[in-house]
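Residue-level listing of the chains:
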Amino acid sequence: MDEETFDGLMVSTDAALIVVTTAAENERAGCLVGFHSQSSMSPQQYGFWLSKANHTYQVSLRATHFAIHFLTASDLAMAQRFGARSGEDTDKFRALDIHSTEQGVPLLSALPNRIVVERISMLDDGGDHVGITARVISSETTGPFAPLRLSHIGDLSAGRDNDSRAIDPKAGG
Ligand SMILES: Cc1cc2nc3c(=O)[nH]c(=O)nc-3n(C[C@H](O)[C@H](O)[C@H](O)COP(=O)(O)O)c2cc1C
């Protein structure tokens, strides 16, 4: 297996970036996500993957609803806020204008291109991320936009290292 070739292919796809937010039992969470896609046309469904290392993953285990905020090319600061810090040790939502859905999911006013989804399934296939599939229950947009892509964010280090995952698959048991 040539990991560098695979990495090169993935870099070439230049993924559009999103911020996923959620909440459970009054605990809010959110992170930058590059692994995501529409996953069904009829009904409209969306899929995304969360790292087991992330605070957002911990909260997602108890959450039913999520907001998917699509970043535009001018949203670099939001990508840094949600991608380079962890909710384990900082409140990423502090000083942001937020309103919540009836399920308590935080909607970020600064990111108005978004969908709210309800979880259908969560798949743990042994990788370092879990896949969540969800039905789209609402969508909002200010109109067509140029997405913020992987190639726009430079050398942004993730706030949580995948090696610090909550469950170590090498530990057995
Ligand atoms: C370019 C980029 C793409 C990322 N893609 C994902 C992703 O698809 N899924 C994920 O769970 N984390 C992804 N991350 C990592 C999280 O956004 C990051 O570790 C974040 O600080 C986790 O915050 P949390 O611990 O508050 O959940 C990505 C980070 C970067 C910089």
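Look a little higher up for the structure.
Predicted model, so just to flag it, every value in this text is computed and none were measured.

Peer 1: Where do I start with the site of the ligand in this structure?
Peer 2: Close to the ligand lie 25 residues; Ser 51, Thr 56, Arg 85, Ser 86 and Gly 87 are nearest. Contact distances for the ligand include 3.2 Å between an oxygen atom and a backbone N or O atom of Gly 83. Within the backbone of Arg 160, one N or O atom sits 3.0 Å away from an oxygen atom of the ligand. Bound to the protein, the ligand loses 92% of the 650 Å² it would expose on its own. In a pocket analysis with a 2 Å cut-off to the grid points, the ligand is assigned to the largest pocket. Of all the secondary structure elements, the ones that give two or more residues to the shell around the ligand are β2 (27–33), β4 (45–51), α2 (55–60) and α3 (76–83). No other element matches the 4 residues that β2 contributes to the shell around the ligand. Broken down by class, the residue content of the shell around the ligand amounts to 11 nonpolar, 11 polar and 3 charged.

Peer 1: So what exactly am I meant to see when it comes to the layout of surface pockets here?
Peer 2: Unoccupied space between atoms shows up once a probe the size of one water molecule is rolled over them. The calculated volume of the largest pocket comes to roughly 1,000 Å³. In terms of lining, the largest pocket is formed by 35 residues, of which the most central are Gly 34, Phe 35, His 129, Leu 150 and Asn 162. Where the lining of the largest pocket is concerned, the elements lending two or more residues are α1 (3–13), β2, β4, α2 and α3. Counting residues per element, the lining of the largest pocket draws most heavily on α1, which supplies 6 residues.

Peer 1: Is there a simple way to think about the pairing of strand β8 (residues 114–123) in this case?
Peer 2: Sheet topology note: the strand β5 (residues 65–70)/β8 ladder contains 5 bridges and is antiparallel. By the bridge assignment, His 69 is partnered in β8 with Arg 114. The antiparallel pairing of β8 with strand β9 (residues 129–140) creates a hairpin that spans 5 residues between the two strands, and Gly 126 there sits at a positive phi of about 95°.

Peer 1: Sorry if this is basic, but what is going on with a negative patch on the surface here?
Peer 2: Residues Asp 2, Glu 3, Glu 4 and Asp 7 make up a contiguous surface patch of negative charge. Considering the arrangement of structural elements, one finds Asp 7 in helix α1. A relative accessible area of 44% means that Asp 7 is categorised as partly exposed.

Peer 1: Sorry, what's going on with the nonpolar core here?
Peer 2: Within soluble globular proteins, side chains that are nonpolar generally end up buried alongside one another. Ranked by internal contacts, the top residues of the largest apolar core, which has 20 residues, are Val 20, Val 33, Phe 48, Leu 50, Phe 66, Ile 68 and Val 117. Going through the elements one at a time, β1 (18–24), β2, β4, α2, β5, β8 and β9 are the ones with two or more residues in this core. Among all residues touching Phe 66, those that are not within four sequence positions of it are Val 20, Thr 21, Thr 22, Phe 48, Ser 60, Val 105, Ile 115, Val 116, Val 117, Arg 119 and Ile 132. By size, the runner-up hydrophobic cluster in this structure holds 12 residues, among which are Leu 71, Met 78, Leu 111 and Leu 148.

Peer 1: Would you mind showing me how to read the pattern of salt bridges here?
Peer 2: Where side chains of opposite charge bring their charged atoms close, a pairing between them can arise. Tallied over the full model, the rule gives 6 salt bridges. Between Asp 91 and Arg 28 there is a salt bridge whose closest N-O contact spans 4.0 Å. A residue pair is termed long-range when its members are at least 10 positions apart, and Asp 91 in the loop between α3 and β6 (98–100) and Arg 28 in strand β2 qualify at 63 residues. With a relative accessible area of 38%, Asp 91 lands in the partly exposed category. What makes Arg 28 partly exposed here is its relative accessible area of 36%.

Criteria and thresholds
- Residues numbered from 1 in each chain as written.
- Predicted model: local features only at pLDDT ≥ 70, side-chain atom pairs only at ≥ 80, totals over all residues.
- Heavy atoms only, no water.
- Near = heavy atom within 4 Å.
- Polar contact = N/O pair within 3.5 Å; in protein donor to acceptor, adjacent residues only side chain to side chain.
- Areas by Shrake-Rupley, 256 points an atom, 1.4 Å probe, with all protein chains shown as cover.
- 1 Å grid on protein atoms, 1.4 Å probe; cavity = no way out; pocket = protein on both sides within 12 Å on 5 of 7 lines; lining within 4 Å.
- Sits in = over half its atoms within 2 Å of the grid points.
- Helix = DSSP H or I, 4+ residues; strand = E, 2+ residues; numbered from the N terminus.
- Nonpolar A, V, L, I, M, F, W, Y, C, P; charged D, E, K, R; others polar.
- Points joined across faces, edges and corners; volume = space filled by probe spheres on them.
- Pairing = 2+ DSSP bridges.
- Patch = residues over 30% accessible without salt bridge, like charges linked within 9 Å, V, L, I, M, F, W, Y side chains within 5 Å.
- Salt bridge = Lys/Arg side-chain N within 4 Å of Asp/Glu carboxyl O.
- Lys, Arg positive; Asp, Glu negative; His and termini not counted.
- Charge placed at Lys NZ, Arg CZ, Asp CG, Glu CD.
- Buried < 20%, exposed > 50% of the residue type's maximum accessible area, 1.4 Å probe, protein only.
- Core = buried A, V, L, I, M, F, W, Y, C linked by side-chain atoms within 4.5 Å.
- Contact = heavy atoms within 4.5 Å.

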